[in-house]
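If you want the building blocks of each chain, they are given just below.
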Amino acid sequence: MTDYQAPVRQMKFTIEHLADLSEVTALPEFSSIDGDTIEAVLEEAARFAGSVLAPINVIGDRQGVEVVNDAVQVPGEFTDAYGQFCEAGWPGIASNPEFGGQGLPKTVALACDEMWAAANVSFALCPELSQGAILAMDRHATDDLKKAYLEKLVSGEWAGTMCLTEPQAGSDLSSLTTRAEPHGDAYRITGRKIFITWGDHPMSKNIVHLVLARLPDAPAGTKGISLFVVPKFRFGADGVPGELNDVRPVSVEHKLGIHASPTCVLAFGDEGGADGYLVGKPNEGLAAMFTMMNYMRLGVGAQGTGLAERSYQAAVRYARERVQGRAAGERGRVAIIRHPDVRRMLLTMRSLTQAARAICYYTASCLDRGYHGTDAEAVARWQARADLMTPIAKAWCTEIAQEVTELGVQVHGGMGYVEETGVAQFYRDARIASIYEGTNGIQAIDLVGRKLVRDGGATISAFVTDMRSVDAPLANAGEELAVVRRALAQALDELVQCSTLIT
Amino acid sequence: MMLMGTAIGGWQLARGALVAAEQLAAGGDRGFLETQVVTAKFYAEHVLPRCTAHAAAVRAGSSSTMALAAEQF
């Protein structure tokens, strides 16, 4: 079995120097955040991830989940860990303080997300989805709905889900058919959703489904989709959840990885309709859902980074212990970390993982500066850069997670293919990350078809100018960094030529 | 997509190497800071060249990708 020790020092270095922490803490919203606070949060999160979440990762993989009597059962260890997670206040670290959150910048909270995913990605998905649901409701729901839901979601007492996909509507949401009929001051939701992560479970007291559906008079296509909040337990007259709403987990999928994360088929309205409440304006549900999805996409990038880090740690440990073969000019056999090919693999893993981490945290920092800024021009600039970075953070970091976790298996040789070493699980668990939250192909379309061209290429040009500004300091650093300077200049030239072709 | 991510990753590691070189010169912790510099150099030598290959594929466009009819697969 493999341990996980969050790379707190590397994370802190990345947050401070590569994600421009000082610019984030210069925002009025985050003026009280200092280096000590961040270090304390990261240390505590690292302890929780390493001692509570990591040890049950393999239990979840082996035991999996099942539907028994219309309810999903998960390993008992997961329910216990979720209780501790909420007790420690982790679900709401980045949420609005108005509803009990701690209001930390995403730049810092994302490092914690990376740790949860590295330790136990199946578990991590549950609070991750809640975070997305909180954000979508905070930005788009009425005050009454916020009052009824947000505190419970922020505390983790309730969990959230995101219900988009239907059998005929996956990457293309325009063909979704779930219906919402007005019923008093609410709606009755009927339809079937698939691939609903943590769609049912006993870990929280209630589950808050955010569901895309069509109103009776809605236009066809994506312009006729609205967003509804559908609780697992209906609210009684006293405002307290009581009887079951009309939502049922039909089955869970048998999957390549993330075995402890229940991927549900959910039936809404088999008994006449599930009570649902409109979030945002009618027919503008997709925009509201995208608030959630953009944050989730960055979260998936952090998952890829976390799994890459976990696999790297296991590979380094194994390469130090495993004695095999000789080193040139030496007597006796040596640990395989002495062999050049193993070094190549370990450094590829390490450098890709660090680059992925820096890309994710930087994207979070752009989001923080875009959302919480006070100067309109700066807000627009950082929001545009965050929009550009989001598909890259999602797709690139999950692509490299495939490569890194695959190398993690390779470093272990035959033992990597044996489940006992645990690295095969990281490889399997990472595989979904380049598929869900918009496949990496969809991310590429978003990047090339929208984000690069929408302002005539101004956002990418400004970014390239920023990136080129390291050339002078690299030149001043002399021979030591000459190779970095040359390779970066060439890579940026290639990037500019290609983006000019496109824009 | 891969071209951009690989290049932006290279920019970030280069920034990290610059900070680390500065802190090293000021007498910072060698054990940690040297890893930042070496990791950035490895990435520059062994990963960043992928950008050239990605760029060649981007420039080549989609004509061969789309040349076969669906039933020819």
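Residues numbered from 1 in each chain as written. Chains lettered and ligands numbered in written order. Predicted model: local features only at pLDDT ≥ 70, side-chain atom pairs only at ≥ 80, totals over all residues. Heavy atoms only, no water.

Observations regarding the overall build of chain A
Heads up, the rule is: A run of H or I in DSSP becomes a helix once it reaches four residues, and a run of E becomes a strand once it reaches two; helices and strands are each numbered from the N terminus. Radius of gyration: C-alpha atoms only; globule rule: 2.2 Å multiplied by the number of residues to the exponent 0.38. Accessible area is worked out with a 1.4 Å probe on protein chains only. A residue is then buried under 20% of its type maximum, exposed over 50%, and partly exposed in between. Only heavy atoms enter the contact rule, under which two residues are in contact if any of them lie within 4.5 Å. For every accessible area listed, the method is Shrake-Rupley and the probe measures 1.4 Å; residues are considered covered only by the protein chains on display.
When its secondary structure is counted, chain A shows 15 helices and 14 strands. At 23 Å, chain A has a C-alpha radius of gyration in line with the 23 Å of a compact globule built from 503 residues. Each principal axis of the C-alpha distribution contributes one length, and for chain A these read about 80 × 50 × 45 Å. Within chain A, the fraction of its 503 residues that count as buried is 59%. For chain A, long-range pairs separated by at least 24 residues make up 73% of all intrachain contacts whose partners lie at least 6 apart in sequence. Accessible surface for chain A amounts to roughly 19,800 Å². Of this, 50% is attributable to carbon and sulfur atoms.

Concerning empty space enclosed by the protein
Definition in use: Cavity: a set of points on a 1 Å grid over the protein atoms alone where a 1.4 Å probe fits but cannot get out. Pocket: an open set with protein on both sides within 12 Å along at least five of seven lines, its lining residues, like those of a cavity, having an atom within 4 Å of a point. Grid points are joined across faces, edges and corners, and a volume is the space filled by probe spheres set on the points. Gly is put with the polar residues, along with every residue not named as nonpolar or charged; the nonpolar set is Ala, Val, Leu, Ile, Met, Phe, Trp, Tyr, Cys and Pro, and the charged set is Asp, Glu, Lys and Arg.
If you walk through the whole model with that rule in mind, you get 3 cavities of 30 Å³ or more. In this model, the largest cavity occupies a volume close to 50 Å³. Around the largest cavity, the lining residues are Gln10, Phe13, Thr14, Leu18 and Gln354 of chain A together with Gln12, Leu13, Gly16 and Gln36 of chain B. By residue number, the principal contributor to the lining of the largest cavity is helix α1 (residues 8-18) of chain A, which donates 4 residues. Across the lining of the largest cavity, the residue classes tally to 3 nonpolar, 6 polar and no charged.

Some remarks on the packing of aromatic side chains
Residues and elements named next belong to chain A. Counted only if it meets this: Whether two aromatic rings pair depends on their centres lying within 6.5 Å, for rings of Phe, Tyr and Trp, where Trp uses its six-membered ring; planes under 30 degrees apart make the pair stacked, over 60 edge-to-face, and the rest tilted. Placement of a positive charge over a ring is assigned whenever Lys NZ or Arg CZ falls within 6 Å of the ring centre and within 35 degrees of the normal to the ring plane.
This model, assessed by the stated rule, comprises 15 aromatic pairs over all chains. In textbook terms, an aromatic cluster arises when at least three aromatic residues are bridged by ring pairs, as seen for Phe48, Phe78, Tyr82, Phe85, Trp90, Trp116 and Phe123. Here the basic side chain of Arg369 rests over the ring of Trp382, its NZ or CZ set 3.7 Å away from the ring centre.

Considering the packing of helix α3 (residues 35-53) of chain A against helix α6 (residues 106-140) of chain A
Residues and elements named next belong to chain A. Note the following rule: Under this scheme, a helix contributes an axis fitted over its contacting stretch, all axes are lines through C-alpha atoms, and angles between N-to-C directions fall in the 0 to 180 degree range. In these notes the angle categories are as follows: under 35 degrees is roughly parallel, over 145 is roughly antiparallel, 65 to 115 is roughly perpendicular, and the rest is oblique.
Where α3 contacts α6, the axes come no closer than 10 Å and their chain directions differ by 5°. One finds that α3 runs roughly parallel with respect to α6. Contact with α3, carried on its side by Ile38, Val41, Leu42, Ala45, Ala46, Phe48, Ala49 and Leu53, involves Val108, Ala111, Cys112, Met115, Trp116, Ala119, Asn120 and Phe123 of α6 and no other residues of that element. Looking at side-chain class alone, the contact of α3 with α6 contains 15 nonpolar, 1 polar and no charged residues.

A short note on the nonpolar core
Residue and element names in this part refer to chain A. Spelled out, the test is: Put simply, a nonpolar core is a bunch of buried Ala, Val, Leu, Ile, Met, Phe, Trp, Tyr and Cys residues held in one set by side-chain atoms that sit within 4.5 Å of each other.
Within the largest apolar cluster, 163 residues are counted, with the highest numbers of intra-cluster contacts made by Met115, Trp116, Leu346 and Trp396. If we skip the residues at most four places from it in the chain, Leu346 touches Tyr312, Ala315, Val316, Ala319, Ile337 and Val411. Core analysis: the second largest hydrophobic core is formed by 31 residues, Leu150, Leu164, Leu227 and Met289 among them.

Observations concerning the pairing of strand β7 (residues 226-231) of chain A
Residue and element names in this part refer to chain A. What counts, and what does not: One bridge is not enough; two strands pair if DSSP finds at least two bridges between them.
Burial analysis of β7 places 6 of its 6 residues in the buried class, the great majority of the element. Pairing geometry for strand β6 (residues 206-213) and β7, over 6 bridges, is antiparallel. Each residue of the ladder has a partner; that of Val208, found in β7, is Pro231. By the bridge criterion, 3 bridges tie β7 to strand β12 (residues 274-279) in an arrangement that is antiparallel. Bridge assignment links Phe228 to a residue of β12, and that residue is Leu278.

Re the pattern of salt bridges
Residue and element names in this part refer to chain A. Filter applied, for reference: Each salt bridge in this description consists of a side-chain nitrogen of Lys or Arg and a carboxyl oxygen of Asp or Glu lying within 4 Å of one another.
In total, this model carries 35 salt bridges over all chains according to the counting rule given. Between Arg47 and Glu44 there is a salt bridge, and its shortest N-O distance comes to 3.1 Å. You can see Arg47 and its partner Glu44 sitting in helix α3, 3 residues apart, about one turn around the helix. When the shortest N-O distance is used, the salt bridge between Asp113 and Lys106 registers 3.3 Å.

Topic: the interface of chain B and chain A
Inclusion rule: Buried area: the accessible surface (1.4 Å probe) lost by two parts on joining, summed over both. Pairs of N or O atoms are called polar contacts if they sit within 3.5 Å, as long as, within protein, a hydrogen donor faces a hydrogen acceptor (for residues adjacent in sequence, only side-chain-to-side-chain pairs).
Every contact between the two is made by 42 residues of chain B and, on the other side, 50 residues of chain A. In total, chain B and chain A occlude about 4,100 Å² of area from one another, counting both sides; carbon and sulfur atoms represent 75% of this. Considering only the surface of chain B that becomes buried against chain A, Met1, Met4 and Trp11 of chain B emerge as the three largest contributors, covering 18% of it. Between Arg50 of chain B and Glu403 of chain A there is a salt bridge; the shortest N-O distance is 2.7 Å. Summed over the shared surface of chain B and chain A, the number is 15 residue pairs in polar contact (both at pLDDT 80 or more). Listing elements by their share of the side of chain B that touches chain A, those giving two or more residues are α1 (2-25), α2 (30-47) and α3 (50-60) of chain B. Sorting elements by how many residues they give to the side of chain B that touches chain A places α1 of chain B first, with 20 residues. Broken down by class, the residue content of the side of chain B that touches chain A amounts to 25 nonpolar, 11 polar and 6 charged.

Description of a nonpolar patch on the surface
Filter applied, for reference: What goes into a patch is any residue over 30% in relative accessible area without a salt bridge, connected to like charges within 9 Å or, for nonpolar side chains (Val, Leu, Ile, Met, Phe, Trp, Tyr), within 5 Å.
A contiguous nonpolar patch, built from Val448, Val453, Leu501 and Ile502 of chain A together with Val58 of chain B and spanning about 350 Å² of accessible area, is present on the exposed surface. The class of Val58 of chain B is partly exposed, set by a relative accessible area of 37%.

Quick notes on the pairing of strand β9 (residues 241-244) of chain A
All names here are of chain A. Where strand β8 (residues 233-235) meets β9, 2 bridges bridge the pair, whose relative direction is antiparallel. Note on β9: the bridge partner recorded for Phe233 is Leu244. Between β8 and β9, which pair antiparallel in sequence order, lie 5 residues; one of them, Gly239, sits at a positive phi of approximately 80°.

Brief notes about the layout of surface pockets
One number sums up the size of the largest pocket: a volume of about 1,200 Å³. As for the largest pocket, its lining consists of 43 residues, of which Thr165, Ile435, Tyr436, Glu437 and Gly438 of chain A are closest to the centre. Considering each element in turn, the lining of the largest pocket owes the most residues, 8 residues, to helix α8 (residues 285-321) of chain A. Grouping the constituent residues of the lining of the largest pocket by class yields 20 nonpolar, 12 polar and 11 charged. Taken as a whole, the second largest pocket holds about 660 Å³ of empty space. If you trace the second largest pocket, you find 24 residues lining it, with Glu309, Tyr312, Val316, Arg320 and Arg350 of chain A closest to the centre. Every element with two or more residues in the lining of the second largest pocket is listed here: α1, α8 and α9 (340-372) of chain A together with α2 of chain B.

Regarding the packing of α3 of chain A against helix α5 (residues 76-87) of chain A
Residue and element names in this part refer to chain A. Basically, it comes down to this: Take the far helix as your reference; a near helix turned counterclockwise from it by less than a right angle gives a left-handed crossing, and one turned clockwise gives a right-handed crossing.
Axis separation between α3 and α5 bottoms out at 11 Å; the angle between their running directions is 165°. With respect to α5, the element α3 is oriented roughly antiparallel. Considering the relative orientation of α3 and α5, their crossing is right-handed. Listed contacts from α5 to Phe48, Val52 and Leu53 of α3 are Ala81, Gln84 and Phe85. Classifying every residue of the contact of α3 with α5 gives 5 nonpolar, 1 polar and no charged.

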